[in-house]
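# Fold and geometry: a report
Okay, here's what each chain looks like letter by letter:
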Amino acid sequence: MKLYDDNGKEITNPKILNFLSALEELAGDTLQEQKEDDYSDIELYDDDGTRVTNPITLRAIRDSDRIIAEWERRYAG
C-alpha cells in the first residue's frame, strides 16, 4: 500500500501503514462495496438537462478523476 501526505510525499511510517492495512482487512468487502456504489457526489447532466444515473458512466468519471489526480500529484506539482 502506498500512501501520500498532502504535499505528495510518500508515508513510510510502518505503524501507520500496518494500522491502515488492518483497518482495510477489518472493513473487507463492506468498504469496497460502499466506495463503488456511492456516486452521490457526482452531478452529471445530459444535453436535455436530465441527470445521468448510469452506474457505469459514473464509475468511469470517478476513475478518470482518480487518474487525473494521480497524474497531477506525480507530474504537475
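Please refer to the structure higher up on the page.
Everything in this summary refers to the structure shown in the same document. Quantities reported herein were computed from a predicted structural model and do not represent experimental measurements. (Residues numbered from 1 in each chain as written. Predicted model: local features only at pLDDT ≥ 70, side-chain atom pairs only at ≥ 80, totals over all residues. Heavy atoms only, no water.)

### Notes on the environment of Leu-17
Applicable threshold: Strands are runs of DSSP state E lasting at least two residues, helices are runs of H or I lasting at least four, and both sets are numbered from the N terminus onward. A 1.4 Å probe rolled over the protein chains alone gives each residue an accessible area, and that area as a share of the maximum for its type sets the label: buried under 20%, exposed over 50%, partly exposed in between.
Mapped onto the elements of the fold, Leu-17 is located in helix α1 (residues 14-37). In this structure Leu-17 comes out as buried when scored by relative accessible area, which is 19%. For the pair Leu-17 and Lys-2, spaced 15 residues apart in the sequence, the C-alpha separation amounts to 8.4 Å.

### Regarding helix α2 (residues 55-76)
Going by this rule: The span one expects for a helix is its residue count, reduced by one, times 1.5 Å. The definition of a polar contact used here is a pair of N or O atoms within 3.5 Å, where within protein one atom must be able to donate a hydrogen and the other to accept one, and adjacent residues in sequence count solely through side-chain atom pairs.
Between its first and last C-alpha, α2 extends 30 Å over 22 residues, near the 32 Å set by a 1.5 Å rise per residue. For α2, the N-terminal capping position is held by Asn-54, with its side-chain oxygen 2.8 Å away from the main-chain nitrogen of Ile-56.

### Considering the environment of Glu-10
Keep this limit in mind: In what follows, a contact means two residues having at least one pair of non-hydrogen atoms within 4.5 Å.
By secondary structure assignment, the location of Glu-10 is in the segment before α1. If we ignore the near neighbours within four places in the chain, the residues touching Glu-10 are Lys-2, Leu-3 and Tyr-4.

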